[in-house]
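Report on the structure
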Number of protein chains: 2
Amino acid sequence: MTHVHNGAETFKEDIIRSFALAHADRVTRIEGASGFRRADGPLAGKTAVVIGGGSGHFPSYNGVVGPGFADGCVLGDIFASPSAEQVYRVAKATDGGAGVILGFGNYAGDRLNFGLAASRLRSEGIDTRIVYVTDDIASADADHAEQRRGIAGTFTVYKLAGAAAEEGLDLDQVEAAMRKANEATYSFGVAFAGCTLPGADEPLFVVEEGKIDFGLGIHGEPGISTVDWMPAKELAAQLVERILAERPADSGPRVAVVVNGLGATKYEELYVLFGEIAELLIEQGLELVEPEVGELVTSLDMAGCSLSVTWLDEDLERWWTAPADTPAFKRGTAAKSKFETATTTGSTEAAVEADTSSEESRQAAVVVRAALDALDEVVHANQEKLGRLDAIAGDGDHGIGMSRGSAAARAAAQTADGGVQSVLQAAGAAFGDKAGGTSGVLWGLLLAGIGEALGNSEAPDAATVSRAVRQSTAKLQEFSGAGLGDKTMIDALLPFVEELDRQTAAGAGLAPAWRAAAEVAVAAAQETAQLVPRLGRARPLAERSVGTPDPGAVSLGMIVTAVGEAFERGDED
Amino acid sequence: MTHVHNGAETFKEDIIRSFALAHADRVTRIEGASGFRRADGPLAGKTAVVIGGGSGHFPSYNGVVGPGFADGCVLGDIFASPSAEQVYRVAKATDGGAGVILGFGNYAGDRLNFGLAASRLRSEGIDTRIVYVTDDIASADADHAEQRRGIAGTFTVYKLAGAAAEEGLDLDQVEAAMRKANEATYSFGVAFAGCTLPGADEPLFVVEEGKIDFGLGIHGEPGISTVDWMPAKELAAQLVERILAERPADSGPRVAVVVNGLGATKYEELYVLFGEIAELLIEQGLELVEPEVGELVTSLDMAGCSLSVTWLDEDLERWWTAPADTPAFKRGTAAKSKFETATTTGSTEAAVEADTSSEESRQAAVVVRAALDALDEVVHANQEKLGRLDAIAGDGDHGIGMSRGSAAARAAAQTADGGVQSVLQAAGAAFGDKAGGTSGVLWGLLLAGIGEALGNSEAPDAATVSRAVRQSTAKLQEFSGAGLGDKTMIDALLPFVEELDRQTAAGAGLAPAWRAAAEVAVAAAQETAQLVPRLGRARPLAERSVGTPDPGAVSLGMIVTAVGEAFERGDED
């Protein structure tokens, strides 16, 4: 149970403000971003390691920013990816001219948002690499290792990459080091009890009393088995057996071991477990190098713990034992960085481009603004309903996230000058930035993509709108990697696009074509109730979501319906 | 809920063994003791700071052993004082010839055991000082500040004393520094939920859902008020108001601030609270010096937190910001100690004295052994009953503690050579060492004291036994500071002694006199149900103990009854 807060709405901002106040000597908050860089940064000529993900995992990620570890970090809302805009701003402010590694655990929302930020950074000439961590062997089998989630092994992988960068390795070398670290790192976790988000009355998920859930994810993602409680000695044996089963063929005897607690499984317990684990590993001829026992990647007050083992070679061991000096993790004596502080390379504010939009497009933008008003209104009116839907299988934040995004999009559209493209791109950027998470980045991309396809010159007609929606959807699908049947908003969006195409090809006007397509979307959204979501998503889904439609598909159905009604009202005027 | 353990019986030993395995480079386990000293110790000519208390508070106390902090630490069972024997062994092994400071939080059991250890150390020529921490302003009013408990401010006080000792100050100076640190440190805590001991089904105590218990102690000792949940901003204001109300008249603006979490109140929450607190303190013109936000003094997975403020002068600030390098807390760059490792000054095994006991006394020791057999049997038979009695108002460990102690006493008596004194002193030492806690040290002293009074020369008769019991009881009462009506074993022991005196003065033989006195003791034990315990005890007592007799008094009644029956059987033989 989260007891100390000022309400869920301000929780992340309160954490960030307070952390900045507590550690002003070590970290600098990035203006306008929910993230930090080390106080001596940006460092000229140093490969920048920027890590991040949802809040709620302290000391990950802001607790480990500093010499020998991360150069910067970006935080999303509790258990939700930061927005691409936030990632972009932190990376831009942390880059010292030698390029940026973006590191995160393998979750859908993070991959989308960090991926989008990387594209934008590259488009501005900042060489950017992405390395996501896949240490959780419970989340997919060895043949699908690339689909595995990131859990407590993220700590080790970020530490190793941070040390490699501090040594002075260039971008290619740090990227290679971090990939090697990830490939050498294997984790397995168990859970005893769920956590409760700030302001919530119910835990996010529950583990039955007296049971241990093997392989349960750190946000409650489904595990692989539920068993009766067992003594620490047996639990250690189970964890060690699973980890050793994947021991790489070429591994030596030296290992970095992390026994991590998720929040409510305390130090005394973690030490007892570590002792049993260490004895088993030593029996196998392994040599433990500076083991860590404690809370390094938490999940609020979730009860549970994990074992992470990293098979060390000479380089990895040197990076593991290298000094680090961060607010929450210190090792050895971190000397002053050999790099000098760089003058910041540029503003993170987007350049204002001259308005070249046509009068026709500026007129058409009035309809776009009305459509965004309708979008915002329907999302706000259904915020609680969407939250409840999401709470059945997820963390219940779909309503609040969509609501934040749609309000920001509406406001941005009001103040944006120019034609259809300008207004929709401003709205899309604002949506993605303020909503965060997976839905935020997808809706932001969808709106901006439609705008880009429509352009700023012509007054769109039914056929151009239909084509623009189809083009933007195709890009979205490519970006997200989701297909039909994965239980996402795509399951409502693709039928919508098809029907819109069919109607406009048959000569229907925009409003009636859109209305017919919206009806298809709403029906398709309801049908997602029968689906099982794809593996590897960052929320507790599994069987319990069967019977409930996907909240993203449902909100899409609502939104296209409301937008269609706005088009009809426009036709009537 | 404590989920990871191998059973309550081995929990402390498992923690200690595992901690030694994880941090062999930093700490050395003291052979035969449940404690550690820093790996570079003992340090010749350095004032040794030895801290300790019950387990369950990690990183207090083993997590903060190292340069710039504690030289050694000693751990009791969960929330129970270590035995005097354990304290003695750790202090003896840590002393580098310049004397020892014993530091602990102000709890009855710790005061008794550390006090006894100090006497023994002094008797061996090791200058030993005691400084107990009294930072918890909720536990007694300002006029009785010396009765206050130690909570999270212990962290600050130990840190300051450790830094002062590392600077090279002598024993008098470190003692003065630590007293000054304690006088400058004020804490106030709140609780949201209780913790559950390893293996227990029920929490040790509960806080009503949706409520905050102001001033609740870290072992569930009664607080001062229960209020409805309030936002972090309001909670911060309440904590700050209470702390500032006791601001010392001569204090400057510089403060060391610790926002401590008890276990399940997580980092994100602690930072949110810290931010609100910091803003209020800064508004008051105060300057925060290297604040600490985290888990420094925990209570297993208890939900709650506290604010500690230490008013710094130049010395205290230098010690607060001085380097420290321990397993769980590091600050700055701790250089190699200026002191050299000392050769250990001596064995901690007691010297074996030549047996000078008389034949009469050796014969009488047979009766003593039979009495100790009876003691052990009655305690074992009633272990669960005593545990249940203790659980109503305490932590339920009276049964298990007494059971461990009596078994050890019985075994020691079997193997001890010599007369009555030798056997009872061996039994008393074993009882105190193995039982731990408050009852352990008191029963250990009582048995050894009776032995000392009886001597090794004469065969005791009813009058000598009565006098010996009276003398030992008087010493015990002086040592414990408990009087009639404080709801302790003294409430049964004093009436027992009086009746035994009366009976023997009237000419009764030992067995009948003892039986009559035992009946009085049993009745007096039952009458303790009406009493309210004294303030300042380390367990959750308060009103809920009214109606239940004191478990220590009840076990005393049982034991003297069983011993009386053994005497009667002896008479029959």
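Predicted model only: the values in this text are computed from it and were never measured. (Residues numbered from 1 in each chain as written. Chains lettered and ligands numbered in written order. Predicted model: local features only at pLDDT ≥ 70, side-chain atom pairs only at ≥ 80, totals over all residues. Heavy atoms only, no water.)

Here we look at the relation of the copies chain B and chain A
Applicable threshold: Least-squares fitting of one copy onto the other uses the C-alpha atoms of those residues that reach a pLDDT of at least 70 in both copies. We call two residues contacting when some pair of their heavy atoms lies within 4.5 Å.
Between the two copies, chain B and chain A, the superposition gives an RMSD of 0.0 Å; the rotation angle is 180° and the shift along the axis is 0.0 Å. The relationship between the two copies is best expressed as a two-fold rotation axis. Among all residues of chain B, the minimum C-alpha distance to the rotation axis is found for Ala264(B), at 2.5 Å. A shared binding surface is used by both copies, with 100% of the interface residues of chain B retained as interface residues in chain A.

What about the sheet that holds strand β4 (residues 72-78) of chain A?
All names here are of chain A. Note the following rule: Whether two strands pair depends on DSSP finding at least two bridges between them. For helices the rule is a DSSP run of H or I covering at least 4 residues; for strands it is a run of E covering at least 2, with both sets numbered from the N terminus onward. A fitted line through C-alpha atoms serves as each axis, taken over the contacting stretch for helices, and the angle formed by two N-to-C directions is quoted from 0 to 180°.
With respect to topology, 6 strands assemble into an open sheet ordered β1-β2-β4-β3-β5-β6, the strand pairing being mixed. Each end of this open sheet is capped by a strand with a single partner; those strands are β1 (27-29) and β6 (128-133). Averaged over all neighbouring strand pairs, the angle between strand axes comes to 25°, with direction disregarded. Pairing between strand β2 (residues 35-38) and β4: 3 bridges, direction antiparallel. Counterpart to Gly35 in the pairing with β4 is Val74.

Examining the pattern of salt bridges
Selection criterion: A side-chain nitrogen of Lys or Arg and a carboxyl oxygen of Asp or Glu constitute a salt bridge if their distance falls within 4 Å. Relative accessibility under 20% of the residue-type maximum defines a buried residue, over 50% an exposed one, and the middle range a partly exposed one, all with a 1.4 Å probe and only protein chains included.
Tallied over the full model, the rule gives 84 salt bridges over all chains. Of the charged contacts in the structure, one is a salt bridge between Asp376(A) and Arg410(A), with a shortest N-O distance of 2.9 Å. Residue Asp376(A) is found in helix α9 (residues 359-381), and its partner Arg410(A) is found in helix α11 (residues 398-415); the two are separated by 34 residues along the sequence. Looking at Arg410(A), the relative accessible area reads 23%, which means it is partly exposed. A salt bridge links Arg404(B) to Asp77(B), with the nearest nitrogen and oxygen atoms 2.8 Å apart. With Arg404(B) in helix α11 (residues 398-415) and Asp77(B) in strand β4 (residues 72-78), this residue pair connects regions lying 327 residues apart in the sequence.

Considering the pairing of strand β7 (residues 185-193) of chain A
All names here are of chain A. With 8 of 9 residues buried, β7 lies mostly within the body of the structure. Bridge count for β7 against strand β13 (residues 303-311) is 8 bridges, and the pairing is antiparallel. By the bridge assignment for β13, Ser187 is matched with Ser308. The pairing of β7 with strand β8 (residues 211-214) spans 2 bridges and is antiparallel. By the bridge assignment, Ala191 is partnered in β8 with Asp213.

Observations regarding the domain arrangement of chain A
Note the threshold: Note that the domain bounds were set by an automatic or database domain assignment.
Split by domain assignment, chain A resolves into domain 1 (8-331) and domain 2 (359-572). For domain 1 of chain A versus domain 2 of chain A, the distance between C-alpha centres works out to 33 Å.

Let's talk about the packing of helix α5 (residues 171-183) of chain A against helix α8 (residues 314-321) of chain A
Residues and elements named next belong to chain A. Our working definition: Should an angle fall under 35 degrees it is called roughly parallel, over 145 degrees roughly antiparallel, and 65 to 115 degrees roughly perpendicular, with every other angle called oblique. Residue type decides the class: Asp, Glu, Lys and Arg count as charged, Ala, Val, Leu, Ile, Met, Phe, Trp, Tyr, Cys and Pro as nonpolar, and the leftover types, Gly among them, as polar.
For the pair α5 and α8, interaxial distance at closest approach is 11 Å and the crossing angle is 95°. Looking at the two axes, α5 sits roughly perpendicular to α8. For the pair α5 and α8, the contacting residues are Ala177, Lys180 and Ala181 in the first and Asp315, Leu316 and Trp319 in the second. Class assignment of the residues belonging to the contact of α5 with α8 gives a composition of 4 nonpolar, no polar and 2 charged.

Let's talk about unusual backbone geometry
Going from Ser60(A) to Tyr61(A), the amide bond is cis rather than trans, its omega being 10°. Secondary-structure assignment places Tyr61(A) in the loop between β3 (48-55) and β4. Going from Gly41(B) to Pro42(B), the amide bond is cis rather than trans, its omega being -5°. You can see Pro42(B) is positioned in the loop between β2 (35-38) and β3 (48-55). In this structure, Glu290(A) takes a positive phi of about 40° despite not being glycine. Tracing the backbone shows Glu290(A) in the loop between β11 (287-288) and β12 (292-294). The class for Glu290(A) is partly exposed, based on a relative accessible area of 34%. Within the chain, Phe79(B) stands out as a residue other than glycine whose phi angle is a positive 60°. Topologically, Phe79(B) is positioned in the loop between β4 and α2 (84-94). Residue class for Phe79(B) comes out buried when judged on its relative accessible area of 6%.

Some details on helix α8 (residues 314-321) of chain B
Residues and elements named next belong to chain B. Worth spelling out the cut-off: This arc describes the spread of directions from the helix axis toward the C-beta atoms. Counting of polar contacts relies on pairs of N or O atoms within 3.5 Å, with two restrictions inside protein: one atom must be capable of donating a hydrogen and the other of accepting it, and residues adjacent in sequence are counted only when both atoms are side-chain atoms.
Of all the residues in α8, the buried ones are Leu316, Glu317, Trp319 and Trp320. All buried residues of α8 lie within an arc of 165° about the axis, which places them on one face of the element. For α8, the elements touching its buried residues are α4 (153-167), α5 (171-183), β10 (254-261), β12 (292-294), β13 (303-311) and β15 (330-331). Of the residues flanking the start of α8, the one acting as N-cap is Asp313, its side-chain oxygen 3.1 Å from the backbone nitrogen of Asp315.

Focus on the interface of chain B and chain A
Put simply, the rule is: A 1.4 Å probe defines the accessible area here, and the buried area is the portion of it lost by two parts on being joined, summed over both.
Listed by partner, the interface residues are 50 residues for chain B and 50 residues for chain A. Across the chain B to chain A interface the summed buried area is about 4500 Å²; carbon plus sulfur atoms make up 63%. Along the contact surface separating chain B from chain A lie 6 salt bridges. A salt bridge links Glu279(B) to Arg17(A); the shortest N-O distance between them is 3.1 Å. Viewed at the interface, chain A and chain B are joined by 35 residue pairs in polar contact (both at pLDDT 80 or more). For the side of chain B that touches chain A, the element with the most residues is helix α7 (residues 267-283) of chain B, which contributes 11 residues. Its residues placed into classes, the side of chain B that touches chain A shows 25 nonpolar, 13 polar and 12 charged.

What about the packing of aromatic side chains?
The line we're drawing: Pairing of aromatic rings covers Phe, Tyr and Trp, the last through its six-membered ring, and needs centres within 6.5 Å; plane angles under 30 degrees mean stacked, over 60 mean edge-to-face, and all others mean tilted. Lysine NZ or arginine CZ positioned within 6 Å of the ring centre and within 35 degrees of the ring normal marks a charge as sitting over the ring.
Evaluation of the coordinates by the stated rule reveals 30 aromatic pairs over all chains. Taken together, Phe19(A), Phe36(A), Phe58(A), Tyr267(B) and Tyr271(B) form an aromatic cluster joined through their ring pairs. Across the ring face of Tyr88(B), the terminal group of Arg120(B) is positioned such that the distance to the ring centre comes to 3.6 Å. Note that Arg331(B) overlies the ring of Trp320(B), its terminal NZ or CZ placed 4.6 Å from the centroid.

Remarks on the sheet that holds strand β5 (residues 100-105) of chain B
Residue and element names in this part refer to chain B. One open sheet holds the 6 strands; their spatial order is β1-β2-β4-β3-β5-β6, and the pairing between them is mixed. Looking along the sheet, the strands with just one partner apiece sit at the ends: β1 (27-29) and β6 (128-133). Geometrically, the sheet is characterised by an average inter-axis angle of 25° between neighbouring strands, direction not taken into account. Sheet analysis places β1 next to β2, joined by 3 bridges and oriented antiparallel. Bridge pairing in β2 links Val27 to Arg38.

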